[in-house]
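# Working through the structure, step by step
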Amino acid sequence: FDEHADREAADDAPLCLIAGDADGWMTSFVRPLLESAGYRVAAQLPPGERAAVVLASEEGATPPAGAAAPVVRLRRTRAAAGANDDSVYRYDRAGLLRALEARVTGQGR
């Protein structure tokens, strides 16, 4: 249970903007994971804030205007669609956290 405990992220923690979460899946399942990993998470970009990374569903969700940040896409299938598919299987916790960290630090695409 400790992994999913409510935690307040530091004010200077990277902001992860969730885009394209029409069914609420990312808010329900991914948000607690991100918050426990030290990210601040928002579904809308707060005024005056800048996202460090955008988390989007594979279904073509586009980041909101003004959210000029690297994007990590989640896919529904385990297998990537090809050699150039850098999306992450949405149930791969470790892979998602690695991809987010790579984008935030500028080491990923």
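We now turn to the structure provided with this report. Just so you know, these numbers come straight off a predicted model, no measurement behind them.

### Here's the deal with the packing of helix α1 (residues 25-36) against helix α2 (residues 93-104)
Interaxial distance between α1 and α2 falls to 11 Å at its minimum, and their mutual angle equals 60°. By the criterion of interaxial angle, the relationship of α1 to α2 is oblique. The way α1 lies across α2 gives a crossing that is right-handed. The residues of α2 that touch α1, namely those facing V30, L33 and L34, are R93, L96, L97 and L100. For the contact of α1 with α2, a count of residues per class yields 6 nonpolar, no polar and 1 charged.

### Quick look at the pattern of salt bridges
Following the criterion strictly, the structure yields 3 salt bridges and no others. Between R31 and E35 there is a salt bridge; the shortest N-O distance is 2.9 Å. Of this pair, R31 and E35 both sit in helix α1, separated by 4 residues, roughly a single helical turn. Given a relative accessible area of 27%, R31 falls into the partly exposed group. With its nearest N and O atoms 3.2 Å apart, the salt bridge here joins E49 to R40. Since its relative accessible area comes to 30%, E49 is described here as partly exposed.

### A few points about the nonpolar core
Ranked by size, the top nonpolar core spans 17 residues in total, and within it V30, L34, L55, V72, L74, L96 and L100 carry the most contacts. Looking at this core, the elements with two or more residues in it are β1 (15-19), α1, β3 (53-57), β4 (71-75) and α2. No other element matches the 5 residues that α1 contributes to this core. Beyond its immediate sequence surroundings of up to four residues, L74 is in contact with W25, M26, V30, L55, A56, S57, E58, V88, R90 and L96. Listed in part, the 6 residues of the second largest apolar core include A19, A51, V54 and A56.

### With respect to the pairing of β3
Within a regular strand, side chains alternate between the sheet's two faces. For β3, a buried count of 5 out of 5 residues is recorded, marking the element as mostly surrounded by other parts of the structure. Direction of pairing for β3 relative to β4: parallel, over a ladder of 4 bridges. The partner of L55 across the bridge, within β4, is V72.

### A look at the sheet that holds β1
Within the open sheet, the 5 strands sit side by side as β2-β1-β3-β4-β5. Their pairing is parallel. Strands at the two margins of the open sheet, each flanked by one partner only, are β2 (40-42) and β5 (88-89). Alignment of β4 against β5, held across 2 bridges, turns out to be parallel. From the neighbouring strand, L74 faces β5, where its bridge partner is V88.

What counts, and where the lines are drawn
Residues numbered from 1 in each chain as written. Predicted model: local features only at pLDDT ≥ 70, side-chain atom pairs only at ≥ 80, totals over all residues. Heavy atoms only, no water. Axes fitted to C-alpha atoms, helices over the stretch in contact; angles between N-to-C directions. Helix = DSSP H or I, 4+ residues; strand = E, 2+ residues; numbered from the N terminus. Parallel < 35°, antiparallel > 145°, perpendicular 65-115°, else oblique. Left-handed = near helix turned anticlockwise from the far one by under 90°. Contact = heavy atoms within 4.5 Å. Nonpolar A, V, L, I, M, F, W, Y, C, P; charged D, E, K, R; others polar. Salt bridge = Lys/Arg side-chain N within 4 Å of Asp/Glu carboxyl O. Buried < 20%, exposed > 50% of the residue type's maximum accessible area, 1.4 Å probe, protein only. Core = buried A, V, L, I, M, F, W, Y, C linked by side-chain atoms within 4.5 Å. Pairing = 2+ DSSP bridges.

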